[in-house]
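# Chains, contacts and geometry: an overview
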Amino acid sequence: MDPINTITVAKDSSFAMLLEAQERGWSVQYMEMDSLYLENGRAMARSRKLKVFDNPDHWYEYDQEAIVPMQDMDVILMRKDPPFDMEYIYATYILEQAAARGTLVVNRPGALRDANEKLFTSWFPQCIPDTLVSRRYSDFFRFLEQHRDIILKPLGGMGGESIFRIRDKDPNTNVILETLTARQTRYAMAQKFIPQISAGDKRILIVDGVAVPWALARVPRKGETRGNLAAGGSAHGVPLSDRDHWIVEQVAPRLKEEGILFAGLDVIGDYLTEINVTSPTCIRELDKLYHLNISGMLMDSIENRLRTA
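Residues numbered from 1 in each chain as written. Predicted model: local features only at pLDDT ≥ 70, side-chain atom pairs only at ≥ 80, totals over all residues. Heavy atoms only, no water.

Turning our attention to the overall build of the chain. Per the secondary structure count, the chain includes 8 helices and 17 strands. The C-alpha atoms of the chain give 20 Å as radius of gyration, which agrees with the globular expectation for 309 residues (19 Å, within 12%). Structurally, the chain occupies a C-alpha span of about 60 × 45 × 40 Å along its principal axes. Across the 309 residues that make up the chain, the buried fraction comes to 50%. A separation of at least 24 residues holds for 65% of the contacts in the chain among residues at least 6 apart in sequence. Within the structure as shown, the chain displays about 15000 Å² of accessible surface, and the carbon and sulfur contribution to it stands at 48%. Looking at charge distribution, the chain has the averaged site of its 37 positive side-chain charges lying 4 Å from that of its 43 negative ones. (Helix = DSSP H or I, 4+ residues; strand = E, 2+ residues; numbered from the N terminus. Rg over C-alpha atoms; globule rule 2.2 N^0.38 Å. Buried < 20%, exposed > 50% of the residue type's maximum accessible area, 1.4 Å probe, protein only. Contact = heavy atoms within 4.5 Å. Areas by Shrake-Rupley, 256 points an atom, 1.4 Å probe, with all protein chains shown as cover. Lys, Arg positive; Asp, Glu negative; His and termini not counted. Charge placed at Lys NZ, Arg CZ, Asp CG, Glu CD.)

Structure (structure tokens):
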């Protein structure tokens, strides 16, 4: 995971998972990205035994660092936040060596590489708004001329970073395209603007193919089009609609097939906009609102996988 000393305890989903694992009596080991390495084809880790406390003033303690073969661990949860860059990809190659020797890695390393959170939606065209992925200005200008109000975003970010809304004849269009595509050398995504963002960008959590029956609707603050909490959005809980359940039915079987035990679907209005597989969040907020134990659902699924492996 990311450095544990930097997290916000009240809303960190990785921390919720740590609390649940500890409550079950599991031995919890803590690793960061630079803790992982390969030696003679074996995945190794500089690991620390971790204790966690649901206390915002003192939430963790850990032992001295020790070298541990990753194949000796029953399960590894990959909870490093994006950006999804080459360093992230290299880490999945290391984790894949552990998985090849019997360790359950959640989510499956190959799936983390294959299921880009923006591009993975293209496998479900029946669920998504009109969408374009390109590097060329001409394609984006054509898409803007067609829809007159669009969202532009990079393919590897998180938390609403570098997401732009462009309307027809916006004087900033050229510079936005130059920035996102690095002057036509990098792919970016455009989607038709969905006015229902005013009611919130819903995060639907899926655990081993089963949706949590409530979503967290993240509502943009005044003057914003991004609902991301990291961009200042506010949040409230909502039950899944019939359309939400239909979208889950389209996506969930593919997630199970890919070995993605924990995912977060982003839905605006009637449309799927992203599939978060790297480090989905919103566990603690939904747990608090609806007296749930989403981490417990995940750990039950992990235990079942370990029993049947």
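Let's shift gears to the sheet that holds strand 9 (residues 149-154). In spatial order, the strands read 8-11-9-10; together these 4 strands make up an open sheet with antiparallel pairing. Looking at which strands have only one partner, the edges of the open sheet turn out to be strand 8 (131-134) and strand 10 (164-167). Across the sheet, the mean angle separating the axes of adjacent strands is 25° when strand polarity is ignored. Sheet topology places strand 9 next to strand 10; 4 bridges connect them, and they run antiparallel. Bridged to Leu152 within strand 10 is Phe164. Packed onto the sheet, helix 4 (residues 137-147) meets strand 8, strand 9, strand 10 and strand 11 (188-192) and runs at close to 10° relative to strand 11. (Pairing = 2+ DSSP bridges. Axes fitted to C-alpha atoms, helices over the stretch in contact; angles between N-to-C directions.)

Before going further, it helps to spend a moment on the side chain of Ser13. Locating Ser13 in the fold gives a position in helix 1 (residues 13-23). A polar contact of 3.1 Å, which involves the side chain of Ser13, links it to the backbone nitrogen of Ile283. Setting aside chain neighbours within four positions, we find Ser13 in contact with Arg79, Pro280, Thr281, Cys282, Ile283 and Arg284. (Polar contact = N/O pair within 3.5 Å; in protein donor to acceptor, adjacent residues only side chain to side chain.)

Moving on: the packing of aromatic side chains. One pass over the full model with this rule turns up 6 aromatic pairs. Ring geometry for Tyr30 versus Tyr62: centroids 5.6 Å apart, planes at 15°, classification stacked. With a gap of 32 residues between them, Tyr30 in strand 1 (residues 29-30) and Tyr62 in strand 4 (residues 60-62) connect regions that are remote in the sequence. On the basis of relative accessible area, Tyr30 is assigned to the buried category, the value being 6%. Ring centres of Phe84 and Tyr88 lie 5.0 Å apart, and the angle between their planes is 45°; on these two criteria the pair is classed as tilted. Taken together, the ring pairs connect Tyr30, Trp59, Tyr60 and Tyr62 into an aromatic cluster. Its end group placed over the ring of Phe193, Arg165 keeps NZ or CZ at 3.6 Å from the ring centre. The ring of Trp123 has Arg254 lying over it, and the distance from NZ or CZ to the ring centre is 4.6 Å. (Phe/Tyr/Trp six-rings, centres within 6.5 Å; stacked < 30°, edge-to-face > 60°. Lys NZ or Arg CZ within 6 Å of the ring centre and 35° of its normal.)

Turning our eyes to something else, we now look at the pairing of strand 2 (residues 36-39). With 4 bridges connecting them, strand 2 and strand 3 (residues 42-52) associate as antiparallel partners. Each residue of the ladder has a partner; that of Leu36, found in strand 3, is Ala45. Hairpin geometry of strand 2 and strand 3 is characterised by an intervening segment of 2 residues between the two adjacent antiparallel strands and by a positive phi of about 55° at Asn40.

Turning our eyes to something else, we now look at the nonpolar core. Note that soluble globular proteins tend to have their nonpolar side chains buried in a common cluster. The biggest cluster of nonpolar side chains holds 41 residues, and the ones touching the most others in it are Met70, Leu265, Leu272 and Ile275. Mapped onto this core, the elements with two or more residues apiece are strand 3, helix 2 (86-100), helix 3 (109-114), strand 12 (201-207), strand 14 (214-219), helix 6 (242-258), strand 16 (262-268) and strand 17 (271-276). Not counting the four nearest positions on each side in its chain, Leu265 is found in contact with Lys202, Arg203, Ile204, Ile206, Ile247, Val248, Val251, Leu272, Glu274 and Ile275. Counting residues in each nonpolar core, the second largest holds 18 residues, with Val75, Val212, Leu216 and Phe262 among its members. (Core = buried A, V, L, I, M, F, W, Y, C linked by side-chain atoms within 4.5 Å.)

Time to look at helix 8 (residues 294-308). Between its terminal C-alpha atoms helix 8 stretches 21 Å, which fits the 21 Å expected from 15 residues at 1.5 Å a residue. For helix 8, the full list of buried residues reads Ile294, Ser295, Gly296, Leu298, Met299, Ser301 and Ile302. Buried residues along helix 8 sit against helix 1, strand 6 (75-77), strand 7 (104-106), strand 12, strand 16 and helix 7 (283-290). (Expected span 1.5 Å × (residues − 1).)

Another point: the pattern of salt bridges. Applying the stated rule across the entire model yields 21 salt bridges. Note that Glu96 is salt-bridged to Arg113, the shortest N-O span being 2.9 Å. With Glu96 in helix 2 and Arg113 in helix 3, this pair connects stretches of sequence that are 17 residues apart. A salt bridge links Arg183 to Glu178, with the nearest nitrogen and oxygen atoms 3.8 Å apart. (Salt bridge = Lys/Arg side-chain N within 4 Å of Asp/Glu carboxyl O.)

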